Amino acid sequence: MGNQLFQEARRFVEMAKSANPADLDSAAAKAKNALRSAYANSTVAEQAQLQQMQQELEQIQ
């Protein structure tokens, strides 16, 4: 099944990456919250992937 919070964070980051400019701030905020929630409950490998997603999110803002 996997880590549900991790999957949710990935989904929100993807949504933010494809959001139109008017919705970007809201989508990015949701993605950041999801990343924070997932990080505390993730394995070391998942945390590394979450950090990469965070960097991707920062690049689009």
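Residues numbered from 1 in each chain as written. Predicted model: local features only at pLDDT ≥ 70, side-chain atom pairs only at ≥ 80, totals over all residues. Heavy atoms only, no water.

Participant: Can you lay out the overall build of the protein for me, pointing to particular residues and giving the numbers?
Facilitator: Helices and strands together make up the secondary structure of the protein, namely 3 helices and 0 strands. Along its sequence from the N terminus, the protein presents helices and strands in the succession α-α-α. Relative to the globule expectation of 10 Å for 61 residues, the C-alpha radius of gyration of the protein, 11 Å, shows essentially globular dimensions. Taken over the C-alpha atoms alone, the protein extends approximately 35 × 20 × 15 Å along its principal axes. For the protein, the residues scored as buried account for 31% of the 61 residues in total. Within the structure as shown, the protein displays about 4100 Å² of accessible surface, and the carbon and sulfur contribution to it stands at 49%. Across the protein, the mean location of the 6 positive side-chain charges is 2 Å away from that of the 7 negative side-chain charges. (Helix = DSSP H or I, 4+ residues; strand = E, 2+ residues; numbered from the N terminus. Rg over C-alpha atoms; globule rule 2.2 N^0.38 Å. Buried < 20%, exposed > 50% of the residue type's maximum accessible area, 1.4 Å probe, protein only. Areas by Shrake-Rupley, 256 points an atom, 1.4 Å probe, with all protein chains shown as cover. Lys, Arg positive; Asp, Glu negative; His and termini not counted. Charge placed at Lys NZ, Arg CZ, Asp CG, Glu CD.)

Participant: Let's hear about the packing of helix α1 (residues 4–17) against helix α3 (residues 44–60): which residues, and what values?
Facilitator: It is the contact of α1 with α3, at a shortest axis distance of 10 Å, that shows an interaxial angle of 15°. Of the possible angle classes, the one that applies to α1 and α3 is roughly parallel. Every pair of crossing elements has a handedness; the one defined by α1 and α3 is left-handed. Contacts from Phe6, Ala9, Arg10, Val13, Ala16 and Lys17 of α1 reach α3 at Glu46, Gln49, Leu50, Met53, Glu56, Leu57 and Ile60. (Axes fitted to C-alpha atoms, helices over the stretch in contact; angles between N-to-C directions. Parallel < 35°, antiparallel > 145°, perpendicular 65-115°, else oblique. Left-handed = near helix turned anticlockwise from the far one by under 90°. Contact = heavy atoms within 4.5 Å.)

Participant: Which residues make up α1, and what values go with them?
Facilitator: If you check α1, its first and last C-alpha atoms are 20 Å apart, about what 14 residues at 1.5 Å a residue would give, namely 20 Å. Looking at the buried side of α1, the elements it contacts are α2 (24–40) and α3. For α1, the side-chain oxygen to backbone nitrogen distance between the N-cap and Leu5 is 3.0 Å, and the N-cap itself is Asn3. (Expected span 1.5 Å × (residues − 1). Polar contact = N/O pair within 3.5 Å; in protein donor to acceptor, adjacent residues only side chain to side chain.)

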